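# Residue-level structural notes
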Amino acid sequence: PEGDDLRGAAADVPAGPVSPFGVASDLLVSIRRAKSDAKASMRAPVDTVAVTDTAERVAALELVAGDIRDAGRVTDLVLTVGAEADVTVTLTTEV
């Protein structure tokens with residue numbers, strides 16, 4: 001099958017419950033991308049991660065918030081329900 005065929009078939013599958021692990025994985029990818037773009041170590045501390053997403057995805061993130069803080073070295077994780085999905089990562093500036 002071609003990629004378009006698979007995407008079309010997947011679009012017809014009803015969405016199931018949001019997996020906390022899947023949502024956490026997506027967020028950790030965003031955190032790691034921000035660190036990489038800043039040419040920072042993956043072990044670099046993060047001051048704030050602000051996430052805006054659907055209520056269902058925010059609820060899933062709340063279940064694994066401590067794990068995200070630990071894995072991403074995040075000091076402050078701010079979760080907000082909103083229509084537009086967005087992630088803002090603010091790295092800790094070393095003095």
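For the structure, see preceding data.
Now for a quick tour of the structure. (Residues numbered from 1 in each chain as written. Predicted model: local features only at pLDDT ≥ 70, side-chain atom pairs only at ≥ 80, totals over all residues. Heavy atoms only, no water.)

## Notes on helix H4 (residues 65-72)
In plain terms, the rule: Categorising residues by exposure relies on relative accessible area from a 1.4 Å probe, with only protein chains included: less than 20% of the type maximum marks a residue as buried, more than 50% marks it as exposed, and the intermediate range marks it as partly exposed. Runs of H or I in DSSP of at least four residues are treated as helices and runs of E of at least two as strands, each being numbered from the N terminus. What the arc covers is the set of directions going from the helix axis to the C-beta atoms. Any two residues whose heavy atoms approach within 4.5 Å are treated as being in contact.
Taken residue by residue, H4 has Ala65, Ile68 and Gly72 as its buried positions. Within H4, the buried residues cover an arc of 60° as seen down the axis, which keeps them to one side. Turned more than 90 degrees away from the buried face of H4 sit Asp67 and Asp70, all of them exposed. Looking at the buried positions of H4, the neighbouring elements they touch are helix H2 (20-37), strand S1 (46-53), helix H3 (55-63) and strand S2 (74-81).

## A short note on H2
How we decide: Multiplying 1.5 Å by the residue count of a helix minus one yields the expected span of that helix.
Its 18 residues give H2 an end-to-end C-alpha distance of 26 Å, which sits within 8% of 26 Å, the value for a rise of 1.5 Å per residue. Among the residues of H2, those classed as buried are Pro20, Val23, Ala24, Leu27, Leu28, Ile31, Ala34 and Lys35. One side of H2 holds all its buried residues, which, seen down the axis, span an arc of 135°. Considering only its buried residues, H2 is in contact with S1, H3, H4, S2 and strand S3 (86-91). In the stretch just after H2, Lys39 is the one whose phi turns positive, near 55°.

## Some remarks on the sheet that holds S2
Basically, it comes down to this: Note: two strands are recorded as paired if DSSP finds a minimum of 2 bridges between them. Orientation is described by lines fitted to C-alpha atoms, with helices fitted over the stretch in contact, and by angles between N-to-C directions that extend from 0 to 180 degrees.
Read from one edge of the open sheet, 3 strands run S2-S1-S3, paired in mixed fashion. Edge positions in the sheet fall to S2 and S3, since each of these pairs with one other strand and no more. Across the sheet, the mean angle separating the axes of adjacent strands is 10° when strand polarity is ignored. Contacts from H2 reach S1, S2 and S3 within the one sheet, and its direction differs from that of S3 by about 45°.

## With respect to the packing of H2 against H3
Rule in force here: Roughly parallel means an angle under 35 degrees; roughly antiparallel, over 145; roughly perpendicular, 65 to 115; everything else is oblique. Think of it as three bins: nonpolar holds Ala, Val, Leu, Ile, Met, Phe, Trp, Tyr, Cys and Pro, charged holds Asp, Glu, Lys and Arg, and polar takes everything else, Gly as well.
Running from amino to carboxyl end, H2 crosses H3 at an angle of 90°, the nearest separation of the two axes being 8 Å. Put simply, H2 runs roughly perpendicular to H3. On the side of H2, the interface is formed by Pro20, Val23, Ala24, Asp26 and Leu27, while H3 contributes Arg57, Ala60, Leu61 and Leu63. When grouped by side-chain class, the residues that make up the contact of H2 with H3 number 7 nonpolar, no polar and 2 charged.

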